[in-house]
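Spelled out from the first residue to the last, the chains are:
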Amino acid sequence: GQNIDQPTEMTATEGAIVQINCTYQTSGFNGLFWYQQHAGEAPTFLSYNVLDGLEEKGRFSSFLSRSKGYSYLLLKELQMKDSASYLCAVRGKIKAAGNKLTFGGGTRVLVKP
Amino acid sequence: ETGVTQTPRHLVMGMTNKKSLKCEQHLGHNAMYWYKQSAKKPLELMFVYSLEERVENNSVPSRFSPECPNSSHLFLHLHTLQPEDSALYLCASSHPKAGSTQYFGPGTRLTVL
């Protein structure tokens with residue numbers, strides 16, 4: 001089975017940096033996704049890691065260590081609009097078809113002025 | 001990118017009603033998904049369709065019945081639901097290959113009285 005853990009809530013100040021950790025235990029691993037979800041809206045794709053290391057996309061970076069079952073999402077130069085939930089999702093064993101993701105509970109980030 | 005649409009956006013139904021949720025994607029994908037998002041719980045995968053064939057059914061009660069008539073449309077037929085089925089139902093689509101990003105619709109907020 002799959003187990004994915006991330007903190008429930010984090011608070012940070014506008015302009016600061018926040019790091020959201022995600023740990024996972026899975027029966028197989030074929031990639032890790034981060035999504036952003038504003039209240040009442042659809043989750044939107046932020047990043048995908050399948051190999052160890054850091055992927056950078058503007059103010060957002062995501063890191064993966066497969067040996068440690070660990071990832072983090074780093075948000076730099078925080079803006080008020082970054083207040084949202086951030087979802088960590090793992091793709092497990094590849095099945096015959098489809099692209100099955102297991103999601104963590106999400107981390108709600110509150111950015112204060 | 002929100003090439004996935006869902007209707008209705010809000011639905012209130014009694015336990016004896018029959019209703020259907022609709023999802024449509026305009027991204028040229030051929031895998032589609034239904035997820036349930038309840039308060040304080042992770043996104044739960046319900047069904048996966050790949051090339052219009054159901055490839056995953058995550059022990060979902062039979063009062064939920066999916067239908068995928070073609071690669072652009074996905075339905076979730078609901079009947080004799082329970083109050084605990086009240087949740088946000090999200091549709092997503094992707095290419096079926098490993099690592100493909102899933103794109104989500106805005107969801108249907110369902111309340112069962």
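Residues numbered from 1 in each chain as written. Chains lettered and ligands numbered in written order. Predicted model: local features only at pLDDT ≥ 70, side-chain atom pairs only at ≥ 80, totals over all residues. Heavy atoms only, no water.

Overview of the confidence of the model for chain A
Here chain A averages 91 in pLDDT, while 93% of its residues score no lower than 70. Ranking the elements of chain A by mean pLDDT puts strand β10 (residues 101–103) of chain A last, at 89, and strand β8 (residues 70–75) of chain A first, at 98. (pLDDT = per-residue confidence, 0-100. Helix = DSSP H or I, 4+ residues; strand = E, 2+ residues; numbered from the N terminus.)

Thoughts on the interface of chain A and chain B
Opposite the 21 residues of chain A that make contact, chain B presents 26 residues. Secondary-structure elements contributing two or more residues to the side of chain A that touches chain B are β4 (32–37), β5 (44–49), β9 (84–91) and β10 of chain A. For the side of chain A that touches chain B, a count of residues per class yields eleven nonpolar, six polar and four charged. (Contact = heavy atoms within 4.5 Å. Nonpolar A, V, L, I, M, F, W, Y, C, P; charged D, E, K, R; others polar.)

Some remarks on the side chain of N49 of chain A
Residue and element names in this part refer to chain A. Turning to its location among the elements, N49 is positioned in strand β5. Here the side chain of N49 touches S62 through a polar contact of 2.6 Å, side chain to side chain. Residue contacts for N49: discarding those within four places in its chain leaves F29, G31, L32, E55, S62, F63 and L64. (Polar contact = N/O pair within 3.5 Å; in protein donor to acceptor, adjacent residues only side chain to side chain.)

Here we look at the layout of surface pockets
Each pocket or cavity is described by its volume, and for the largest pocket that value is around 760 Å³. S85, G105 and R108 of chain A together with Q37 and K40 of chain B are, among the 28 residues lining the largest pocket, the residues nearest its centre. Among the elements of the structure, β9 and β11 (107–112) of chain A together with β9 (87–94) of chain B are those that each provide at least two residues to the lining of the largest pocket. Counting residues per element, the lining of the largest pocket draws most heavily on β9 of chain A, which supplies three residues. Class assignment of the residues belonging to the lining of the largest pocket gives a composition of nine nonpolar, 13 polar and six charged. (1 Å grid on protein atoms, 1.4 Å probe; cavity = no way out; pocket = protein on both sides within 12 Å on 5 of 7 lines; lining within 4 Å. Points joined across faces, edges and corners; volume = space filled by probe spheres on them.)

Here's the deal with the sheet that holds strand β3 (residues 18–25) of chain B
Residues and elements named next belong to chain B. The sheet built from four strands is open, its strands ordered β1-β3-β8-β7 with antiparallel pairing. This sheet does not close on itself; its edge strands, each paired only once, are β1 (4–7) and β7 (64–70). Neighbouring strand axes in the sheet, compared pairwise and without regard to direction, differ in orientation by 20 degrees on average. Of the strand pairs in this sheet, β1 and β3 are connected by four bridges, and their pairing is antiparallel. Counted as the bridge partner of T5 is E24 from β3. (Pairing = 2+ DSSP bridges. Axes fitted to C-alpha atoms, helices over the stretch in contact; angles between N-to-C directions.)

Notes on the pattern of salt bridges
Residue and element names in this part refer to chain A. Enumeration according to the criterion identifies six salt bridges over all chains in this entry. The partner of K76 in a salt bridge is E56, with the nearest N and O atoms 3.6 Å apart. One end of the pair, K76, is in the loop between β8 and β9; the other, E56, is in strand β6 (residues 53–57), with 20 residues separating them in the sequence. Relative accessible area serves as the criterion here: at 25%, K76 is assigned to the partly exposed category. Overall, the relative accessible area of 55% leaves E56 in the exposed class. Across the pair D82 and R59 runs a salt bridge whose closest N-O atoms are separated by 2.8 Å. (Salt bridge = Lys/Arg side-chain N within 4 Å of Asp/Glu carboxyl O. Buried < 20%, exposed > 50% of the residue type's maximum accessible area, 1.4 Å probe, protein only.)

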